Amino acid sequence: MLRRKLTSAFLLSAFLLPTAALAQTNNVGTTTPATTATTAAKLKIYTAPQDVIDKIKEEGMGKNSQVMQTLSYLTDVIGGRLTNSPNMKRANEWTRDTMTKWGMQNAKLVAWGPFGRGWSLKSFSAQVVAPQTLPVIAFPKAWSTSTKGAVTADVVLFDVKTEADFEKYRGTLRKKIVLVSGDPKPVKADFDGYGTRRTDEDLLKMANAVPQAQPQQQQLNEEQQRRQREAFLFNLKRWNFLLQEKAAVIVDSSSKGTGGTLFVQGATAVQDIPADMTNFSFRNLAQAYKKESEKKIIPQMTVTIEDYNRLVRMIQQGVTPRMTVDIQTQYHDEDLMGYNTIAEIPGTDPQLKDEVVMLGGHLDSWHSSGGATDNAAGSAVAMEAARIILASGLKPRRTIRVALWSGEEQGLNGSREYVKQVFGEMKGGPQFGPPDPNAPKPELVKGADYDKLSAYYNLDNGTGKIRGIYMQNNPLVRPIFEAWLAPFGDLGAKTVTMLNTGGTDHLSFDRIGLPGFQFIQDEVEYSTRTHHSNQDNFDRIQAEDMKQASTVMAAFVYQTAMMDEKLPRKPMP
Ligand SMILES: [Zn+2]
């Protein structure tokens, strides 16, 4: 899951009405008419017969399950899968070959891009060497450059709050190891524990939520925009100063986490200061994975909050600690294209087999761990859901297509580019970052298969089991999803919510008006411990949750492939 908050996730449309008149949909193996408040149109809902549901449950929850085996290979053997890294390529190839071995067809890597260069860590060590030896828990940032061999240097605190502060540091940072996160962060005792599940109360609240119509984007007022531009500009100046002053290594404190957990993402490439901020586009920010950024990247790493805090407190006590840091990294420029893994179960109905039901999640991860909950979990579950359908001997009418995306962590790139190639794009549509007042009005340009997709189902909220599904502001799917969740209430999945959720690949479909959905999942330790951290390992995966998610996803995908009609689409805003 992408970490940035997306303003587009809060887009809500005015057509939403309270739902009513839901059809009774528990008939087995039949289609049942239903109506919705918005259209009153007849909608035939296919629900699989009980013996099919039983078979899916048996295959997914029983001893045949492969989901943990898949997860172990992805996280333990392949490991972190930074976009365009050698590990990412291995993961692409291994998932393609594994799905082929299971009997899926047309398994292949589909290129998108160019994205940029790959990166891998060749060796790394960091410790305090004076006034005493102290190993630290640290990890280099992705796409960091290498230090010139092992660097032993004084550790200095670079704490600038205003423009005037720069002068205090001029000439003092050269070849130093520089702390840039300011004062120590408070560390609280953990009285509540890391793991949580959604309570019945939470779920009821979600089920009853009626989204309020909101303006198109939460626009910042002029004062807020000015302050945001100023903070952005000041940060650019800080980084330009560090580069000009030739700091040897930049060290920041983990944004959160304690007890050995640190959260680490990509390196900062120093951005030239724009002459005129009013015309500056956030879309043109320097990216560390672009070759031309290399000379603007200072070697940089993140340390745990406790290690960072201690270094700062030593400095505040009048001590100058020294550290030895050795970061050796390698860029990979052989192939700048990104790849998604795609594989299919061909449809069997001559009228419908050209139509497609998609499922997936992103296969790429950050680099400091095996990327287990983000998002080997969703990838393994999507693969497993397809395996369950095949192994149960089911013959879907529509083609089922698994997609394992890359570049999600850099902005949903793999799914967005695939959707553009196959289904269409919103020209000039909302992008990431602050609203751009100069952006042209969005316009939908349909691709060749725009009318052939029934739905896309995504899983990317960690290891937690499925508790239901977000309708993504499409009330027309409520009776369908309620019918399909009915056999899984005993497994904890029963909530349908009008709310939407953001930050992941279903948005690439949703953005162009195609039905793209993310399931509601239990949180477990996602935000507190694993999401983009060095602790996102196989051991944090909950096996029973993963089996349940695979089973529910298999049933949703299969039934979508069996409907007479494609899933109803919401009107374009
Ligand atoms: Zn993520």
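Numbering of residues begins from 1 in every chain and follows the order in which that chain's sequence is written. Per-residue local features are limited, in this predicted model, to residues with pLDDT of at least 70; the limit for side-chain atom pairs, both in listing and counting, is 80 or more; totals at the level of whole chains, interfaces and linings are taken over all residues. Think of the side-chain values as coming from all heavy atoms in the structure, minus any hydrogens and water.

Draft legend 1. Main features of the side chain of Arg81. By definition, any uninterrupted DSSP run of H or I lasting at least four residues is a helix, any uninterrupted run of E lasting at least two residues is a strand, and each is numbered from the N terminus. With respect to the helices and strands, the residue Arg81 is situated in the loop between α2 (67–78) and α3 (86–101). Between buried and exposed lies partly exposed: a residue is buried under 20% and exposed over 50% of the maximum accessible area for its type, with that area taken using a 1.4 Å probe on protein chains only. Counted as positive: Lys and Arg. Counted as negative: Asp and Glu. His and the chain ends are not counted at all. Salt-bridge detection follows one rule: a side-chain nitrogen of Lys or Arg within 4 Å of a carboxyl oxygen of Asp or Glu. Buried Arg81, no salt bridge; nearest opposite-charge side chain is Asp536, N-O distance 6.9 Å. Here a polar contact is taken to be a pair of N or O atoms separated by no more than 3.5 Å, where protein atoms must pair a possible hydrogen donor with a possible acceptor and residues adjacent in sequence count only if both atoms sit in side chains. A distance of 3.2 Å separates a polar side-chain atom of Arg81 from the backbone oxygen of Leu74. A distance of 2.7 Å separates the side chain of Arg81 from the backbone oxygen of Leu363, its partner in a polar contact.

Draft legend 2. How the structure looks around helix α6 (residues 222–244). Helix span is expected to be 1.5 Å times the residue number reduced by one. Over its 23 residues, α6 runs 33 Å from end to end, which matches the ideal 33 Å to within 8%, given 1.5 Å per residue. Listed as buried for α6 are Phe232, Phe234, Leu236, Arg238, Trp239, Asn240, Phe241 and Leu242. On its buried face, α6 is in contact with α4 (166–169), β8 (177–179), β9 (249–253) and β10 (300–303). The opening residue of α6, the one whose side-chain oxygen lies 3.1 Å from the backbone nitrogen of Glu223, is Asn221. Just beyond α6, the residue with positive phi is Lys246, at close to 60 degrees. Any pair of residues with heavy atoms lying within 4.5 Å of one another is described as a contacting pair.

Draft legend 3. Region of the structure containing the coordination of the zinc ion. Keep in mind that water is not among the atoms, so a site may look incomplete; donors are the N, O and S atoms within 2.8 Å of the metal, or 3.2 Å for Na, K and Ca. In the first shell of the zinc ion, the protein supplies Met1 (N), Met1 (O), Asp374 (OD), Glu409 (OE), Glu409 (OE) and His532 (NE2), at 1.8 to 2.8 Å from the metal. Under this scheme a four-donor centre is tetrahedral when all angles range from 85 to 135 degrees, a four-donor centre is square planar and a six-donor centre octahedral when opposite donors are above 155 degrees with the rest from 65 to 115, and any other centre is irregular. Coordination at the zinc ion comes from six donor atoms whose angles at the metal span 54 to 152 degrees, giving a geometry best classed as irregular. All donor residues of the zinc ion come from one chain, and their arrangement in sequence is M-x372-D-x34-E-x122-H. Taken together, the residues span a long stretch of sequence, with Met1 in the segment before β1 (31–34) and His532 in the loop between α12 (526–530) and α13 (543–562) at a distance of 531 residues. Residue His532 is classed as buried on the basis of its relative accessible area, which comes to 4%.

Draft legend 4. Examining unusual backbone geometry more closely. The residue after Ala130, namely Pro131, is reached through a cis peptide bond having omega 10 degrees. With respect to the helices and strands, the residue Pro131 is situated in the loop between β4 (118–130) and β5 (134–135). Here the amide bond leading from Asp374 into Asn375 is cis, since omega sits at 0 degrees, within 30 degrees of zero. Within the secondary structure layout, Asn375 lies in helix α8 (residues 372–391). In this structure, Trp143 takes a positive phi of about 70 degrees despite not being glycine. One can find Trp143 in the loop between β6 (138–140) and β7 (151–157). Trp143 gets classed as buried once you look at its relative accessible area, which sits at 2%. With a phi close to 60 degrees, Lys246 is a non-glycine residue in the positive phi region. Position of Lys246 relative to the elements: it lies in the loop between α6 and β9.

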